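# Breakdown of the fold
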Amino acid sequence: MAHGVLSFPLTAFHDDGSLDPDGFRAHVAARLADGPGAVFPACGTGEFFSLDEEEYRRVVAITVEEAAGRVPVVAGTGYGWAQAARFARIAEEAGADALLVLPHYLVAAPQDGLAAQLEQLAARTRLPLVAYQRGQVAYTVASLRRIARVPNVIGLKDGHSDLDRLQRLTLAAPEDFLFFNGAATAEIQARAYATVGVPAYSSAVHAFAPEIAGAFFTALRGGDHDTTGKLLRDFYVPFVELRDRAPGYAVSLVKAAARLRGELVGPVRAPLTDPSPADLADLKALLTTGLDLAGALL
């Protein structure tokens, strides 16, 4: 998975909020054609939190069908371990290769509870699990060692961007334990994460502009600091500034950008809201700039 951008597809909805399987299939097929290292359906960008179990089943099954074994399919799961296990069973039946365990719902929890959450889920699925620390979930070195002893817990995705803490975790983990950069708009910190031994990263930008995401990935892996710097200054940093204008824009801006590219992904579901007209205009101008930098046209 370190040999390509990790792609997090958008879940397509009709204007009335119902699932659009055909729109989702077309979106996933297009993203797979761009050569990601893995595809992660029904995760944060895919609005896992707003899907019921049958919708989740269809989203995962469509992704598995379209991937056809070419790249790993890592489905999202979450909430408490009992509900997470229900989604895990569905993902397993649908043919997913692994699960990304999203932060649990609402409450803060002590380290023993965080580890026990993964242990309970791991005991109820045959699928490999990647833990996701973000928000109220942050593992200590002792907890990392504990969850790494669980046979089917294979990795950790980090969304805290505390590189001192992350370096301690990577040094404490087994050699074959996987780590992923899961910061919001991960390209911003990709160079920093790589210095502590975490080169693999998720890319929300890949969901709407694989040309930009691919250009950045190629430049980063090739040590082309001029290109990565220019893409960061002229596209990624302004995109983050736009993203930070309203809660939920980390998803709704991505979906709006995909619609600007002609993809039939539809609106976001409440409680998220689509961007304002003014923010959409700024997004379109920024997208044009980014695609121009990447050598493509809007």
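Residues numbered from 1 in each chain as written. Predicted model: local features only at pLDDT ≥ 70, side-chain atom pairs only at ≥ 80, totals over all residues. Heavy atoms only, no water.

## What about the layout of surface pockets?
Reported here for the largest pocket is a volume of approximately 830 Å³. Around the largest pocket, the lining comprises 34 residues; the ones closest to its centre are Gly44, Thr45, Phe49, Tyr132 and Arg134. The greatest single-element share of the lining of the largest pocket, amounting to three residues, is contributed by helix 10 (residues 249-260). A class-by-class count of the residues in the lining of the largest pocket yields 21 nonpolar, ten polar and three charged. (1 Å grid on protein atoms, 1.4 Å probe; cavity = no way out; pocket = protein on both sides within 12 Å on 5 of 7 lines; lining within 4 Å. Points joined across faces, edges and corners; volume = space filled by probe spheres on them. Helix = DSSP H or I, 4+ residues; strand = E, 2+ residues; numbered from the N terminus. Nonpolar A, V, L, I, M, F, W, Y, C, P; charged D, E, K, R; others polar.)

## What about the packing of aromatic side chains?
Scanning the model with the defined rule gives 13 aromatic pairs in all. Between phenylalanine 48 and tyrosine 79, the ring centres sit 5.3 Å apart and the planes meet at 35 degrees, which makes this aromatic pair tilted. Here the residue phenylalanine 48 occupies a position in the loop between strand 2 (38-39) and helix 2 (53-67), and tyrosine 79 occupies one in the loop between strand 3 (74-77) and helix 3 (81-94), the gap between them amounting to 31 residues. By relative accessible area, which is 25% here, tyrosine 79 ends up partly exposed. Seen in terms of ring centroids, phenylalanine 208 and phenylalanine 239 are 5.7 Å apart; in terms of plane orientation they differ by 40 degrees. Their pairing is tilted. One end of the pair, phenylalanine 208, is in the loop between strand 8 (202-203) and helix 8 (210-221); the other, phenylalanine 239, is in helix 9 (residues 225-243), with 31 residues separating them in the sequence. By relative accessible area, phenylalanine 208 is classed as buried at 1%. Members of the aromatic cluster, connected to one another through ring pairs, are Tyr201, Phe208, Phe216, Phe217, Phe235, Tyr236 and Phe239. Over the aromatic face of tyrosine 132 sits the side chain of lysine 157, whose NZ or CZ is 4.4 Å from the ring centroid. (Phe/Tyr/Trp six-rings, centres within 6.5 Å; stacked < 30°, edge-to-face > 60°. Buried < 20%, exposed > 50% of the residue type's maximum accessible area, 1.4 Å probe, protein only. Lys NZ or Arg CZ within 6 Å of the ring centre and 35° of its normal.)

## Comments concerning the sheet that holds strand 5 (residues 129-133)
Strand order in this open sheet of five strands is 3-4-5-6-7, and the pairing throughout is parallel. Of all strands in the sheet, those bounded by a partner on one side alone are strand 3 and strand 7 (178-181). Direction aside, neighbouring strands of the sheet carry axes that sit 25 degrees apart on average. Here strand 5 pairs with strand 6 (residues 153-158) via five bridges, running parallel. Counted as the bridge partner of leucine 129 is valine 153 from strand 6. Its contacts with the sheet put helix 3 on strand 3 and strand 4 (98-101), and the angle it makes with strand 3 is roughly 155 degrees. Strands strand 3, strand 4, strand 5 and strand 6 of the sheet are contacted by helix 4 (residues 111-122), whose axis makes an angle of about 155 degrees with strand 5. (Pairing = 2+ DSSP bridges. Axes fitted to C-alpha atoms, helices over the stretch in contact; angles between N-to-C directions. Contact = heavy atoms within 4.5 Å.)

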